[in-house]
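Structure assessment
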Amino acid sequence: MSHGFASNLQLAIAVLLASIVCSISLAQVAIPQLTRVDEDEANIRLDGFVDEAIWQRIPVIDGMKVIDPDTLADTPYATHVRIFYTERGIYVGAINYQPPGTLVARMTSRDTQLDRDGFVVGLDASGEGLYGYFLRINLGDSMTDGTLLPERTMNMQWDGSWDGRTQALEEGWSVEYFIPWSMMPLPKVDQTRQIGIYLERQVGHLGGEAWSNPPLPRTVNQYLSAFEKYELRDIEPRRQLTYYPFASIVYDGIKHEVESRVGTDFYWRPTTNTLFSATLNPDFGTVESDDVVVNLTAFETFFPEKRTFFLEGQDIFNTSPRTSGRGGPGGPISLLNTRRIGGAARFELPSEISVIPTDLSRPTDLLGAVKLTGQNGNWRYGTLLAAEDESVVHGTLQDGTRVNLQANGRDFSIARILYEDTSAGGRRAIGWMGTDVSHPDIDATVNSVDMHYFSADSKWVIDSQLMHSDVNGVTGVGFLADVGYRPERGVQHHLSATYIDDEFDINDLGFLSRNDQVNLDYSYFLNESDIPGLRTRSTSIHITNRWNTAGQPVLTGAFLNRTYTNLASNSFNFSLRYFPPRIDDRLGRGTGDFKIPERWGVNLGISTDRAKSLAYRVSINASQEDLGPAQLEGSAGVVWRPNDRFSVDLNLSYADREALLVHRGDGAYTSFESHQWAPRMEMNYFITAKQQLRFSAQWTALKAFEDRFWQVNPNRRDFLETVTNPDAGADNFVVSRLTFQARYRWEIAPLSDLFIVYTRGSNLPSNSFFTFQDLLEQSWNDKIVDTIAIKLRYRLGS
């Protein structure tokens, strides 16, 4: 090798190394810094006008791309965003330019998802894509928010203490945010920290078209971890102490009793990454109501949590995508269903004592609850303790003598620890969670280990969980696995595997629709945004294989779904369903299994642009009952918004069933011809964006007439056998349930509210055979719930 060549080679290597070092250095300094301003100097009046002098010193952020539809095209209008922070929190100001006369403002209840002009700030508080927040404000000041876990798991039940205002302008509209540090946990750092920021804008007059920076359409795996990183210096928020004292008074018009309560929720951040919370003498009801549901199956209905104390800091207890019902069949599988805490007490009811049914289903009072969540480096942890009070209901003997029934309260304990690592790109995590329920009649303990993997190339997402339960000495095991793969934008494959033995039980504190299941399910999703004349075309294919541990199929099927959305944002969808023969091993509740023949189903639906002042939806579902005869269901709805403050949402559902199968005991069944009507109404009027009048009513009425009688074959697993009527009397029955609520809500300040709520409800006897019109009138008159509640909650502290 010549000396000249060697010198040139050395020079080339030196230049290459210098380039690499320079590139690394540039990459290290490429993270933009947010501007820090003293709170007094900022002097922001949160009114939606981005006109304070400080905003002119802040650089503009734009660069949005179209993400819905998924074209990643340049946006037709500019969006000028400015962000700075103080020792108290983050301020965001945005001017959303668009032509005059195109603004779409719709005032709605908090967390209502509706196409309109809106702006989103997403925050990755961890700086590593581990946890964050989704904060949206719409033109007119209606708000939507939720917590975020990797990558796009949202808890929309959570409400945060952030605030924002909007204003209509000649050239578009503007928005201002204030997001306090006290709202979020922040990793402990020396001087410099990173946070991720995501900006999104929805344009109502373009059919709800969405733009974002960075551009993260739903057709990619990355979301939280891909938020744009920003650097913050010299920010160490002071210790935070917040109280939520409340007072409530409830008048019961049925019992003519008045109950009052005073208590408080307490939140303390001794450090930026630790939150201690407690509730004393809590009041967990009176201002929200669950949907009216008629459930004649063997499976429990899941209702989401709505209580503020249990929602705050709750994401650490999320162990799997199945917790929110995503990623697998059969609804949620969750070790912690906080609706169990303070649920109905378990009374032993002698046959000679009668009790008002609503007293038995009444929530149990809590003595108190405490929660601690935090993090240290790569570790996050949480614990929750709660104790119920004793419950007492009044009963009546057959001779009229009044007696008291008493039930002991339960004690609940939950602990969680999670290790997460993002140092090599993507995410790897392993965690443990344990729960315990203690009661004189119950000793239930559950332990689990969960593992998570998100590949550095964003294509693979893997979640798995091993579980073990011990309820009064009876043990069981379970396993969950979910694998997602996106080879390219718009295409996704998903595989779900489940094994749960027949002794596994988490329902003393968690939620599981059934044990004894072995599942392997596959789903394929395709989203296309390049079809001429269409905004999007979405296709999904699902293959379900659900078996019990004895090797019998309990639900198998193949499903095809397709949705077309045209350029006017009107949608048409259809689905085809095929169910091969299977076994029903649950409806008889242990009195014998029986075969179900193959079945088919089809669904058609049409909906119009929800951003319009008048929108409607229609759907028809034709399928087969478990015994084979036809089942027809239909629904129609209309939403009218004559202006931004007033809306009426009407929906009517009808079901005609030829063979509604009901278990009568000891392997005997009756199939019924049934007709069910279910109207629902919600009317909202906003005095201001923070003061709302809401009237809601939901009625479900079902009339069932016995048709044929069936019996399980006691000698072999076979189809149900027809038999003669086992008794002379008719088993016809009626279900008629109504809930009405009139509610005034005044949001005095963030998370500070005054509620005045009137609630009325009924549940008619099963022998109430009237016309549907008379049933509705009777349901309104024969009330079993009739309450007026006033509740004031106010946030105090830092």
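Worth saying up front: this structure is predicted, and the values here are computed from it rather than measured.

1. Structural notes on the overall build of the protein
In terms of helices and strands, the protein carries five helices and 46 strands. Each principal axis of the C-alpha atoms in the protein carries an extent, and together these give about 105 × 70 × 55 Å. Evaluated residue by residue, the protein yields a buried proportion of 50% over its 798 residues. Excluding contacts between residues fewer than 6 apart, the proportion of contacts in the protein whose partners are at least 24 apart in sequence is 62%. Approximately 36000 Å² of the protein is accessible, and the part contributed by carbon and sulfur atoms is 55%. In the protein, 74 side chains carry a positive charge and 100 a negative one; their mean positions are 3 Å apart.

2. As for the packing of aromatic side chains
Scanning the model with the defined rule gives 27 aromatic pairs in all. Taking 4.6 Å as the distance between ring centres and 45° as the angle between the ring planes, the aromatic pair formed by Tyr 578 and Trp 600 counts as tilted. Here the residue Tyr 578 occupies a position in strand β33 (residues 571-579), and Trp 600 occupies one in strand β36 (residues 599-607), the gap between them amounting to 22 residues. Assessed through its relative accessible area of 23%, Tyr 578 is described here as partly exposed.

3. Some points on the pairing of strand β23 (residues 411-421)
Pairing geometry for strand β20 (residues 379-388) and β23, over nine bridges, is antiparallel. By the bridge assignment for β23, Ala 387 is matched with Asp 411. Two strands pair when backbone bridges link them, and β23 and strand β24 (residues 427-439) are joined in this way by eleven bridges, in the antiparallel orientation. Looking at β24, one finds that Ala 415 is bridged to Gly 434.

4. Brief notes about the side chain of Thr 319
Counting through the fold element by element, Thr 319 comes out in the loop between α3 (308-311) and β17 (333-334). Overall, the relative accessible area of 3% leaves Thr 319 in the buried class. Those residues in contact with Thr 319 that lie beyond four places of it in its chain are Arg 416, Met 433, Asp 450, His 452 and Gln 465.

5. Digging into unusual backbone geometry
Cis peptide bonds are those with omega within 30 degrees of zero, and the linkage from Asp 68 to Pro 69 qualifies with 5°. With respect to the helices and strands, Pro 69 occurs in the loop between β2 (65-68) and β3 (79-85). Look at the link from Asn 213 to Pro 214: it is a cis peptide, with omega at 0°. You can see Pro 214 is positioned in the loop between β12 (209-213) and β13 (228-233).

6. A word on the nonpolar core
Core analysis: the largest hydrophobic core is formed by 42 residues, its most contacted members being Ile 83, Ile 90, Phe 119, Tyr 177, Ile 179, Met 184 and Leu 199. For this core, the secondary-structure elements that each account for two or more residues are β3, β4 (89-97), β5 (118-124), β6 (132-138), β7 (143-149), β10 (172-180), β11 (192-203) and β13. In contact with Ile 179, not counting residues within four places along its chain, are Gly 89, Ile 90, Val 121, Leu 123, Leu 135, Trp 162 and Met 184. Counting residues in each nonpolar core, the second largest holds 33 residues, with Tyr 244, Leu 336, Ala 386 and Met 433 among its members.

7. Regarding the sheet that holds β3
As summarised here, the arrangement of the five strands in space is β1-β3-β4-β10-β9, forming an open sheet in which the pairing is mixed. Of all strands in the sheet, those with a lone pairing partner are β1 (35-36) and β9 (163-169), marking the two edges. Of the strand pairs in this sheet, β4 and β10 are connected by nine bridges, and their pairing is antiparallel. Looking at the pairing, Tyr 97 lines up with Gly 172 of β10.

8. Points about the sheet that holds strand β18 (residues 353-355)
Spatial ordering of the open sheet is given by β18-β21-β22, a layout of three strands whose pairing is antiparallel. Edge strands, defined here as strands with exactly one partner in the open sheet, are β18 and β22 (402-407). Here the average twist between neighbouring strands, direction ignored, is 45°.

9. Section: the pattern of salt bridges
With the rule as written, the count across this model stands at 35 salt bridges. Here Glu 259 makes a salt bridge to Arg 261, at a shortest N to O gap of 3.1 Å. Residue Arg 716 pairs with Asp 718 through a salt bridge whose shortest N-O separation is 3.1 Å. Shared partners join several salt bridges into a network, and the residues in it are Arg 110, Asp 145, Asp 159, Lys 690 and Glu 747.

10. Focus: the environment of Asn 43
When you line up the elements, Asn 43 lands in the loop between α2 (39-42) and β2. What makes Asn 43 exposed here is its relative accessible area of 59%. Through-space distance from the C-alpha of Asn 43 to that of Asn 715 is 82 Å; in sequence the pair is 672 residues apart.

11. Re the side chain of Asp 47
Within the fold, Asp 47 resides in the loop between α2 and β2. The buried charged residue Asp 47 lacks any salt bridge, with Arg 45 as its nearest oppositely charged partner at 4.3 Å. Those residues in contact with Asp 47 that sit more than four places away from it in its chain are Glu 52, Arg 165, Thr 166, Gln 167 and Glu 176.

12. Side note on the pairing of strand β38 (residues 630-640)
Side chains on a regular strand alternate between the two faces of the sheet. Two elements, strand β37 (residues 614-624) and β38, share eleven bridges in a ladder whose sense is antiparallel. Looking at β38, one finds that Val 618 is bridged to Ala 636. Between β37 and β38, which follow one another and run antiparallel, lie five residues, and Gly 628 among them has a positive phi close to 115°. What sits between β38 and strand β39 (residues 646-665) in their antiparallel hairpin is a turn of five residues.

13. Focus on the environment of Gly 204
Within the fold, Gly 204 resides in the loop between β11 and β12. Of the residues examined, Gly 204 reaches a relative accessible area of 2% and is grouped as buried. When neighbours within four sequence positions are excluded, Gly 204 is seen to be in contact with Val 104, Arg 116, Asp 117 and Ala 611.

14. Structural notes on the confidence of the model for the protein
Counting all residues, the mean pLDDT for the protein is 88, and 93% of those residues have values of 70 or more. When the criterion is pLDDT under 50, residues 1-29 qualifies, and its contacts beyond four places in sequence or with other chains add up to one contact.

15. Focus: the environment of Phe 755
Among the secondary structure elements, Phe 755 is positioned in strand β44 (residues 752-763). Placed 37 residues apart in sequence, Phe 755 and Leu 792 show a C-alpha to C-alpha distance of 6.4 Å.

Cut-offs used in this document
Residues numbered from 1 in each chain as written. Predicted model: local features only at pLDDT ≥ 70, side-chain atom pairs only at ≥ 80, totals over all residues. Heavy atoms only, no water. Helix = DSSP H or I, 4+ residues; strand = E, 2+ residues; numbered from the N terminus. Buried < 20%, exposed > 50% of the residue type's maximum accessible area, 1.4 Å probe, protein only. Contact = heavy atoms within 4.5 Å. Areas by Shrake-Rupley, 256 points an atom, 1.4 Å probe, with all protein chains shown as cover. Lys, Arg positive; Asp, Glu negative; His and termini not counted. Charge placed at Lys NZ, Arg CZ, Asp CG, Glu CD. Phe/Tyr/Trp six-rings, centres within 6.5 Å; stacked < 30°, edge-to-face > 60°. Pairing = 2+ DSSP bridges. Core = buried A, V, L, I, M, F, W, Y, C linked by side-chain atoms within 4.5 Å. Axes fitted to C-alpha atoms, helices over the stretch in contact; angles between N-to-C directions. Salt bridge = Lys/Arg side-chain N within 4 Å of Asp/Glu carboxyl O. pLDDT = per-residue confidence, 0-100.

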